[in-house]
Amino acid sequence: MAEAVANVVRRVNETVEEGKDCLDLSNCKLINFPDGVFKILKSVIENIHVVTLADNVMKVISSKFLGSFTHLHELDLHCNVLTKLPDAVADVEHLKVIDLANNKFSVFPEKLLEIATLETINLEGNSITEIPVERLSAMPALKWINVKSNPLDKDTLTALQTPHQFEILFTVDA
């Protein structure tokens, strides 16, 4: 545990001292985003455009986290144990890429549909059965969505097989 805390502190300090626009806290055994990190990042938080929290054991992303990173373009949360996103995700108005692969989602995170700038959504390897394909088509910036390795229902699979203005990756079980 002490090693994990030291790793987080070291990475956060590097981000601040080097003025990086990326905060990488992947593979740090995090259960949630540590509140103390907000204090350390206070002077540079609006310069951070990419946050990677992949390969942790996070069950929840807080509204405070999403509300603090106001200039976020990319959020990588793959390989956690998330089941939902807070409503505040819709307020991340510059978000272009979100990676939610290999989590525990059973329902498509509908608040993603409200992010006009979102270009890429990765939901591979979850337990989602339905995708709101028509509503995805209304997203102005969407270019790519990956829903491979999800137990998609027959109606969703049929809807995914029609042409769209964005690329969709999905698997059809034989």
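Quick notes on the rules
- Along each chain, the written sequence defines residue order, and numbers are assigned to residues from 1.
- For a predicted model such as this one, the threshold for reporting local features is a pLDDT of at least 70, and the threshold for listing and counting side-chain atom pairs is 80 or more; totals across whole chains, interfaces and linings nevertheless cover every residue.
- Just so you know, side-chain values use all the structure's heavy atoms and leave hydrogens and water out.
- Paired strands, as defined in this entry, are two strands with at least two bridges between them according to DSSP.
- Going along the chain from the N terminus, every DSSP run of H or I of four or more residues is numbered as a helix, and every run of E of two or more is numbered as a strand.
- In this analysis, axes come from line fits to C-alpha atoms, helices being fitted only over the stretch in contact, and the angle between any two N-to-C directions falls in the range 0 to 180 degrees.
- Salt bridges are identified by distance alone: a Lys or Arg side-chain nitrogen within 4 Å of an Asp or Glu carboxyl oxygen.
- Only protein chains enter the accessibility calculation, which uses a 1.4 Å probe; a residue whose area is less than 20% of its type maximum is buried, one above 50% is exposed, and one in between is partly exposed.
- Note on aromatic pairs: the rings of Phe, Tyr and Trp (six-membered ring only in Trp) are paired at centre separations within 6.5 Å, and the planes decide the class, stacked below 30 degrees, edge-to-face beyond 60, tilted for the rest.
- Residue contacts are defined here by distance: any two heavy atoms, one from each residue, within 4.5 Å place the two residues in contact.
- Pairing of N or O atoms within 3.5 Å defines a polar contact, subject to two protein rules: one partner must be a possible hydrogen donor and the other a possible acceptor, and residues neighboring in sequence count only if both atoms are side-chain atoms.

*Asks:* What exactly am I supposed to notice about the sheet that holds strand β3 (residues 74–76) here?
*Replies:* The sheet built from seven strands is open, its strands ordered β1-β2-β3-β4-β5-β6-β7 with parallel pairing. Bordering the open sheet on either side are β1 (22–24) and β7 (167–169), each of which pairs with just one other strand. Along the sheet, successive strands turn relative to each other by an average axial angle of 5°, direction set aside.

*Asks:* Just checking my understanding: could you explain the pattern of salt bridges for this structure?
*Replies:* Between side chains of opposite charge, a pair can form as their charged atoms come close. Per the counting criterion, the structure on display carries eight salt bridges. The salt bridge involving Lys64 is made with Asp35; its shortest N-O contact spans 3.7 Å. Here Lys64, found in helix α3 (residues 63–68), pairs with Asp35, found in helix α2 (residues 35–41); they are 29 residues apart in sequence, far enough to count as distant. Exposure remark for Asp35: the relative accessible area of 48% places this residue in the partly exposed category. The network of salt bridges with shared partners includes Arg10, Glu14, Glu18 and Lys20.

*Asks:* Please clarify how the packing of aromatic side chains should be interpreted in this entry.
*Replies:* Both the distance between ring centres and the angle between the ring planes are used here to describe each pair of aromatic rings. Counted according to the given criterion, the structure contains four aromatic pairs. Seen in terms of ring centroids, Phe33 and Phe38 are 5.1 Å apart; in terms of plane orientation they differ by 55°. Their pairing is tilted. Considering the side-chain rings of Phe33 and Phe69, the 5.9 Å spacing of their centres and the 90° angle between planes classify their relative orientation as edge-to-face. Here Phe33 is found in the loop between β1 and α2, whereas its partner Phe69 is found in the loop between α3 and β3, with 36 residues between them in sequence. Overall, the relative accessible area of 0% leaves Phe69 in the buried class. Among the aromatic residues, those joined into a ring-pair cluster are Phe33, Phe38, Phe65 and Phe69.

*Asks:* Whenever I open this one, the environment of Cys28 confuses me. Can you help?
*Replies:* Examined against the element boundaries, Cys28 turns out to sit in the loop between β1 and α2. Sequence separation between Cys28 and Trp144 is 116 residues, and the spatial gap between their C-alpha atoms is 29 Å. When residues no more than four places from it in sequence are discounted, the contact partners of Cys28 are Ala4, Asn7, Val8, Arg11, Asp55 and Asn56.

*Asks:* I keep staring at unusual backbone geometry and nothing clicks. Help me out?
*Replies:* Leaving glycine aside, a negative phi is the common case for residues, and trans is the common case for peptide bonds. Backbone geometry places Lys29, a non-glycine residue, at a positive phi of 60°. Note on placement: Lys29 falls in the loop between β1 and α2. Under the relative-accessibility criterion, Lys29 is labelled exposed at 65%. One non-glycine residue with positive phi stands out, namely Cys79, at about 60°. If you trace the backbone, Cys79 turns up in the loop between β3 and β4 (97–99). The class for Cys79 is partly exposed, based on a relative accessible area of 26%.

*Asks:* What's the story with the side chain of Asn122 in this structure? I'm lost.
*Replies:* Along the chain, Asn122 turns up in strand β5 (residues 120–122). Looking at Asn122, its side chain comes within polar contact range of the side chain of Asn146, at 3.5 Å. In contact with Asn122, not counting residues within four places along its chain, are Ile98, Asp99, Leu100, Ala101, Trp144 and Asn146.

*Asks:* Mind showing me how you'd approach the environment of Asp24 here?
*Replies:* Within the secondary structure, Asp24 is located in strand β1. Sequence separation of Asp24 and Asn102 is 78 residues, and the distance between their C-alpha atoms is 18 Å. The residues touching Asp24, leaving out its near neighbours within four places in the chain, are Arg11 and Thr52. In this structure the side chain of Asp24 is engaged in a polar contact, spanning 2.6 Å, whose partner is the side chain of Ser26.

From the geometry alone we can't say anything about function, so treat these as descriptive.
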